[in-house]
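Breakdown of the fold
Spelled out, the chains give:
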Amino acid sequence: MSYFDSPKNRRIILDKLRVQLALAKDSSLLEGLDFSSWADAFDDLNNRFWNGALPKIPVTTTAQKGTFGLYFHSGRIELANNSKLTSLELLGVLLHEMVHHWVEVTYGHGVTAANGGKRVIGHGKEWKREMRRVGYTGKITRFTGKERFLPF
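Parameters and conventions
Residues numbered from 1 in each chain as written. Predicted model: local features only at pLDDT ≥ 70, side-chain atom pairs only at ≥ 80, totals over all residues. Heavy atoms only, no water. Helix = DSSP H or I, 4+ residues; strand = E, 2+ residues; numbered from the N terminus. Pairing = 2+ DSSP bridges. Axes fitted to C-alpha atoms, helices over the stretch in contact; angles between N-to-C directions. Buried < 20%, exposed > 50% of the residue type's maximum accessible area, 1.4 Å probe, protein only. Arc of directions from axis to C-beta. Contact = heavy atoms within 4.5 Å. Parallel < 35°, antiparallel > 145°, perpendicular 65-115°, else oblique. Left-handed = near helix turned anticlockwise from the far one by under 90°. Nonpolar A, V, L, I, M, F, W, Y, C, P; charged D, E, K, R; others polar. Phe/Tyr/Trp six-rings, centres within 6.5 Å; stacked < 30°, edge-to-face > 60°. Lys NZ or Arg CZ within 6 Å of the ring centre and 35° of its normal.

Notes on unusual backbone geometry
Positive phi values are uncommon outside glycine, yet Asn-51 reaches one of about 50°. Structurally, Asn-51 is set in the loop between α2 (38–50) and β1 (59–62).

Some thoughts on the sheet that holds strand β3 (residues 76–80)
Within the open sheet, the three strands sit side by side as β1-β3-β2. Their pairing is mixed. With one partner strand each, in any of the chains shown, β1 and β2 (69–72) form the two edges of the open sheet. With direction set aside, neighbouring strand axes in the sheet form an average angle of 20°. Bridge count for β2 against β3 is four bridges, and the pairing is antiparallel. Residue pairing for β3: Tyr-71 is matched across the bridge by Ile-77.

Brief notes about helix α4 (residues 125–133)
Those residues of α4 that fall on the buried side of the exposure criterion are Glu-126, Trp-127, Glu-130 and Met-131. Down the axis, α4 shows its buried residues gathered within 135° of arc, on one side only. Close packing links the buried residues of α4 with α2, α3 (87–107) and β5 (119–120). Just downstream of α4 lies Gly-135, where phi reads positive at about 115°.

So, the packing of α3 against α4
It is at 9 Å that the axes of α3 and α4 come closest, and there the two elements cross at 125°. One finds that α3 runs oblique with respect to α4. In this structure, α3 crosses over α4, and the sense of that crossing is right-handed. Taken together, the residues of α4 that come into contact with α3 (itself represented by His-96, Val-99, His-100, Trp-102, Val-103 and Tyr-107) are Glu-126, Trp-127, Arg-129, Glu-130 and Met-131. Looking at the contact of α3 with α4, its residues break down into six nonpolar, two polar and three charged.

Considering the packing of aromatic side chains
Taken as a whole and assessed by the stated rule, the structure comprises two aromatic pairs. With 6.1 Å between their ring centres and 65° between their planes, Phe-49 and Trp-50 make a pair best called edge-to-face. According to the relative accessible area criterion, Trp-50 is buried, its value standing at 7%. For Arg-76, the ring lying beneath its charged end belongs to Phe-72, and the centroid distance is 3.8 Å.

A closer look at the side chain of His-101
Looking at the element boundaries, His-101 is found in helix α3. You can call His-101 buried: its relative accessible area is 4%. Apart from the residues within four sequence positions on either side, His-101 is in contact with Phe-42, Leu-54, Pro-55, Ile-57 and Tyr-71.

Function-wise, these values are silent; they only describe arrangement.
Given below as structure tokens:
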């Protein structure tokens, strides 16, 4: 039995390959990003992943304990400035929070007709599906985010 015969090992190898492919696609995005403005980063990610269709909302940084970023249903995103994350890691957190924004814009908040009258959960199937579409690989949990633009 070879190393590649194990389903777990194949999944690990495929996940690493997906990350390498995503990094190759992201290299041009990362070269053009201006980290001096999170509003500009929001616009760049919005254009890349949603063709500019997401409504613009404010992105601020603030001191937070126990989280790297928050999406507020009132229409704003806060990133933790005391989390010791790099700019690339915070960019991944911003994308995570933007997916929350996309879910709310697409399905609404709570029980909605757009979702067949079902409750939309913050880190539920709609959110996970969109996280996968924007390039996250491997197991996607509510903690997935900061690693998006970093190699393994």
